[in-house]
Amino acid sequence: LFDTTRPLGWDVSADYSIDPSCGALYNILRTTLNVQEPTLHLDAGLGFRQDWNTAVKLSSFTLSGTFPGLQAKICEGLTLTSVGAQLLGIRSMEMDPKPHSVIDFGFAVFGTLAVSVPSSITPLELDYRICEIGEAVQLCATLRGNVWKDPLGVKGLVVCISWSISYPSSLILP
C-alpha cells in the first residue's frame, strides 16, 4: 500500500541492537549512560532509485532512533531525561592511491539533560549531543529554549548558555 506520510521510494523499519562491535557508541551507551539493552527502533528512507536486482545504492545516510522512557542519572543533580542515537554514513572522496568514493561512519547520542540548580524550583534543561569526531569524543549542550529566566531566583536576569568539550577518545573510552 502507498503510505502518503513517507517520501517516495523504499523505506525500512528495523530494530537495531547496538553491541560491542559498534565500538565507542556501545561504550558510551553502556558505561556512561547506563543503557542496559541498547536497541534502537530505526526508520530510514532509501530513496526511489533502488532496484530489486542490484545492491542498495546509498550516497550518505543518517539512521536515527530513541530509547523510549529511558532516563539515566549521571551523578547527583545531573539526569539525562531522554536518550537517542544516530548512526551516520557520510560519502566522501579519498585521493590515495587514486580517487575513489568511500563512506565514513560515525555516531551521535542526543537528548535532554536536566541539571538541578540550587534555589531553583525546576531543573535547568539542556539539549545535548555526544558525537565521535575523528579521534575525539565531543559533548555539546545548549540551554533548551536558549534562555534561562530568573536564574537562582534573581528576578529579571536572563542568561544564555551553550558549551562544549572535547577529549581524545582514548581518554574516556575503554
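Keep in mind that this is a model prediction, so the values were computed, not measured.

Turning next to the overall build of the chain. The number of helices and strands found in the chain is two helices and 11 strands. Ordered by position from the N terminus, the helices and strands of the chain form the series β-α-β-β-β-β-β-β-β-β-β-β-α. Across the 174 residues that make up the chain, the buried fraction comes to 30%. Across the chain, contacts joining residues at least 24 apart in sequence account for 48% of those joining residues at least 6 apart. Put simply, the chain shows about 11400 Å² of open surface, and 58% of that area lies on carbon and sulfur atoms.

D96 connects to P97 through a cis peptide bond whose omega is 5°. Of note, P97 is situated in the loop between β5 (78-94) and β6 (100-115).

As a further point, take the environment of K57. Structurally, the position occupied by K57 is in the loop between β2 (39-47) and β3 (61-66). Residues K57 and L46 lie 11 residues apart in sequence; the distance between their C-alpha atoms is 8.1 Å. If near-sequence neighbours (up to four positions away) are discounted, K57 is found in contact with L46, R49, Q50 and D51.

What follows deals with a nonpolar patch on the surface. On the surface, L152, V154 and L157 cluster together to form a nonpolar patch covering roughly 250 Å² of accessible area. Residue placement: L157 occurs in the loop between β9 (148-149) and β10 (158-159). Take L157: its relative accessible area is 39%, and that puts it in the partly exposed class.

Among the nonpolar cores identified, the biggest contains 31 residues, and L29, F67, V83 and V109 are the most heavily contacted of them. For this core, the elements supplying multiple residues, two or more each, are α1 (24-32), β2, β5, β6, β7 (124-133) and β8 (136-143). Dropping the residues within four chain positions of it, V109 is found in contact with L25, I28, L29, L33, V83, G84, A85, Y128, R129 and I130.

All right, on to the environment of Y128 then. Examined against the element boundaries, Y128 turns out to sit in strand β7. Take Y128: its relative accessible area is 4%, and that puts it in the buried class. Among residues more than four places away in sequence, those in contact with Y128 are L80, S82, V83, V109, F110, G111, T112, L113, L139, C140 and A141. For Y128, the side chain forms a polar contact with the main-chain oxygen of S82, separated by 3.0 Å. Looking at Y128, its side chain comes within polar contact range of the main-chain oxygen of F110, at 3.3 Å.

Criteria and cut-off values
Per chain, the residues get numbers from 1 upward, laid out in the order the sequence is written. Note on the predicted model: pLDDT of at least 70 is required for a residue's local features to be given, and 80 or more for side-chain atom pairs to be given and counted; whole-chain, interface and lining totals, by contrast, use all residues. Side-chain numbers come from the whole structure's heavy atoms, not from hydrogens or water. Put simply, DSSP marks the helices as runs of H or I at least four residues long and the strands as runs of E at least two long, and each gets a number from the N terminus on. Relative accessibility decides the category of a residue: with a 1.4 Å probe and only protein chains considered, values under 20% of the type maximum give buried, values over 50% give exposed, and everything between is partly exposed. Here, two residues are considered to be in contact whenever any of their heavy atoms come within 4.5 Å of each other. Residue exposure ignores everything except the shown protein chains as possible cover, and the areas themselves are Shrake-Rupley values with a 1.4 Å probe. In this scheme, patches are assembled from residues that exceed 30% relative accessible area and form no salt bridge. Like charges are connected within 9 Å, while nonpolar side chains (Val, Leu, Ile, Met, Phe, Trp, Tyr) are connected within 5 Å. A pair is scored as a salt bridge if a Lys or Arg side-chain nitrogen falls within 4 Å of a carboxyl oxygen belonging to Asp or Glu. Put simply, a nonpolar core is a bunch of buried Ala, Val, Leu, Ile, Met, Phe, Trp, Tyr and Cys residues held in one set by side-chain atoms that sit within 4.5 Å of each other. In protein, a polar contact requires one atom able to donate a hydrogen and another able to accept it; more generally it is a pair of N or O atoms within 3.5 Å, and residues adjacent in sequence count only if both atoms are side-chain atoms.

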